[in-house]
Amino acid sequence: MEGPITNALTIDTEDWFQVFYGSGNITRADWPRLESRISAMVDRSLDLLAESGAKATFFVVGWIAERDPALVRRIAAQGHEIGSHSYWHTEVFRQAPGEFAEDVKRSKDSLEQAIGASVHGFRAPGYSIRREDEWALDVVLQAGHRYDSSLLHATVPVSEVRPGLVEVAPNALRAGGRNLPSNGGFFFRMMPYPLYRAYVGHLNRQGVPLVFYTHTWEIEVEYPRIPMPPVRRFVQYANLGAVAGKLRRLIADHRFAPIGTILEARGRAQPAS
Ligand SMILES: [Zn+2]
């Protein structure tokens, strides 16, 4: 019997105005003149993780790294992994391959310049690499990433989806003909903690790691609310105040590591070829 399974801890690092809902009211042209709260959000996230010593993968929006490289260095200096969350935080399926390739490269370059080290991981905004968008995996690989964590439709938790590119799939539940992320975000916010813990136990007993994700704007919740229709407003903002406390319990009850660390350990466990 091996020890308990190691789950992945990930934080999508984006500012309050870089979300999809409400993007009809706020576009990227507005970003430079909006009041950034990302520094406070990151500090709150770092403080929360420092309480337990847990390490995470921060998937950072490249735009942030270009404007505030010291912020990204601060995350890395505390032993966390830096991954890319694209440059413009735009869904993959809204972009032509060439446009996406440019975005992915610019993000990786900005992050690597900030930390002075290679970035291996990529997560698409909103898990937006659908089955029909898998051309995007070739772009992610060609940009020099070693793993992706974006495919809600993946059927195997961890697998080599291209030679040299490993997919660490976000956990999903099938509902209404769609795969919805059950590995954090809205699902984690709304579900009572004991139920969520039972869900993680169920995954782990099947040998499946939880690839937990939350957002910087779910951990530090003091920021302007973007006007949006009621249902979207609910999905975006409901129960935000519960996340930090539940995350502390989740970390105390399970073993976590950054994705890069988990993949390194897997690589060592496999016989050399
Ligand atoms: Zn995001």
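Before reading on, note that the structure itself is shown above.
Residues numbered from 1 in each chain as written. Predicted model: local features only at pLDDT ≥ 70, side-chain atom pairs only at ≥ 80, totals over all residues. Heavy atoms only, no water.

1. Some thoughts on the packing of aromatic side chains
What describes a pair of aromatic rings is the distance from one ring centre to the other and the angle between the planes of the rings.
Thinking step 1. In this structure the tally under the stated criterion is 18 aromatic pairs.
Thinking step 2. Ring geometry for F17 against W63: centres 6.2 Å apart, planes inclined by 90 degrees, an arrangement best described as edge-to-face. Here the residue F17 occupies a position in the loop between β1 (6-13) and α1 (38-52), and W63 occupies one in helix α2 (residues 62-67), the gap between them amounting to 46 residues. Each member of the pair, F17 together with W63, is buried.
Thinking step 3. Taken together, a centroid distance of 4.9 Å and an interplanar angle of 75 degrees make the contact between F188 and Y196 edge-to-face. (Phe/Tyr/Trp six-rings, centres within 6.5 Å; stacked < 30°, edge-to-face > 60°. Helix = DSSP H or I, 4+ residues; strand = E, 2+ residues; numbered from the N terminus. Buried < 20%, exposed > 50% of the residue type's maximum accessible area, 1.4 Å probe, protein only.)

2. A closer look at unusual backbone geometry
Thinking step 1. Positive phi, normally seen in glycine, also occurs at Y127, with a value near 50 degrees.
Thinking step 2. Backbone geometry places N239, a non-glycine residue, at a positive phi of 60 degrees.
Thinking step 3. As for its position among the elements, N239 is in the loop between α9 (230-237) and α10 (243-253).
Thinking step 4. Judged by its relative accessible area of 39%, N239 is partly exposed.

3. Overview of the nonpolar core
Thinking step 1. Ranked by internal contacts, the top residues of the largest apolar core, which has 53 residues, are L9, L49, F58, Y196, F212, L247 and L250.
Thinking step 2. Take this core: its biggest share by element is six residues, from α1.
Thinking step 3. Among the nonpolar cores identified, the runner-up in size contains 12 residues, and V92, F100, L137 and V139 belong to it. (Core = buried A, V, L, I, M, F, W, Y, C linked by side-chain atoms within 4.5 Å.)

4. What to know about the coordination of the zinc ion
Thinking step 1. Note on the zinc ion: its protein donors are E14 (OE), H85 (NE2) and H89 (NE2). The metal-donor distances range over 2.0 to 2.1 Å.
Thinking step 2. Read in sequence order, the donor residues for the zinc ion give the motif E-x70-H-x3-H. Across the pair, H89 and H85 agree in class, each one buried. (Donors = N, O, S within 2.8 Å, 3.2 Å for Na, K, Ca; no water.)

5. Regarding the layout of surface pockets
Thinking step 1. As a volume, the largest pocket reaches approximately 1,400 Å³.
Thinking step 2. Along the walls of the largest pocket sit 47 residues, with F20, Y21, E91, G126 and R178 positioned nearest its centre.
Thinking step 3. Looking at the lining of the largest pocket, the elements that each hand over two or more residues are β9 (178-181), α6 (185-190), β10 (211-215) and α9.
Thinking step 4. For the lining of the largest pocket, the class distribution of residues is 21 nonpolar, 14 polar and 12 charged. (1 Å grid on protein atoms, 1.4 Å probe; cavity = no way out; pocket = protein on both sides within 12 Å on 5 of 7 lines; lining within 4 Å. Points joined across faces, edges and corners; volume = space filled by probe spheres on them. Nonpolar A, V, L, I, M, F, W, Y, C, P; charged D, E, K, R; others polar.)

6. Remarks on the environment of L49
Thinking step 1. Inspection of the secondary structure puts L49 in helix α1.
Thinking step 2. By relative accessible area, which is 1% here, L49 ends up buried.
Thinking step 3. Put simply, L49 and I251 are 202 residues apart on the chain and 8.7 Å apart in space, counted from C-alpha to C-alpha.
Thinking step 4. Excluding anything up to four places from it in sequence, L49 contacts L9, I11, A54, A56, F58, H80 and I251. (Contact = heavy atoms within 4.5 Å.)

7. Describing the pattern of salt bridges
Thinking step 1. The final tally for this structure, using the stated rule, is 15 salt bridges.
Thinking step 2. A salt bridge links D12 to R123, with the nearest nitrogen and oxygen atoms 2.9 Å apart. You can see D12 sitting in strand β1 and its partner R123 sitting in the loop between β4 (121-122) and α5 (135-142), a full 111 residues away along the chain.
Thinking step 3. What makes D12 buried here is its relative accessible area of 3%.
Thinking step 4. Here R162 ties to D138 by a salt bridge, and the two come within 2.8 Å at their closest N and O atoms. (Salt bridge = Lys/Arg side-chain N within 4 Å of Asp/Glu carboxyl O.)

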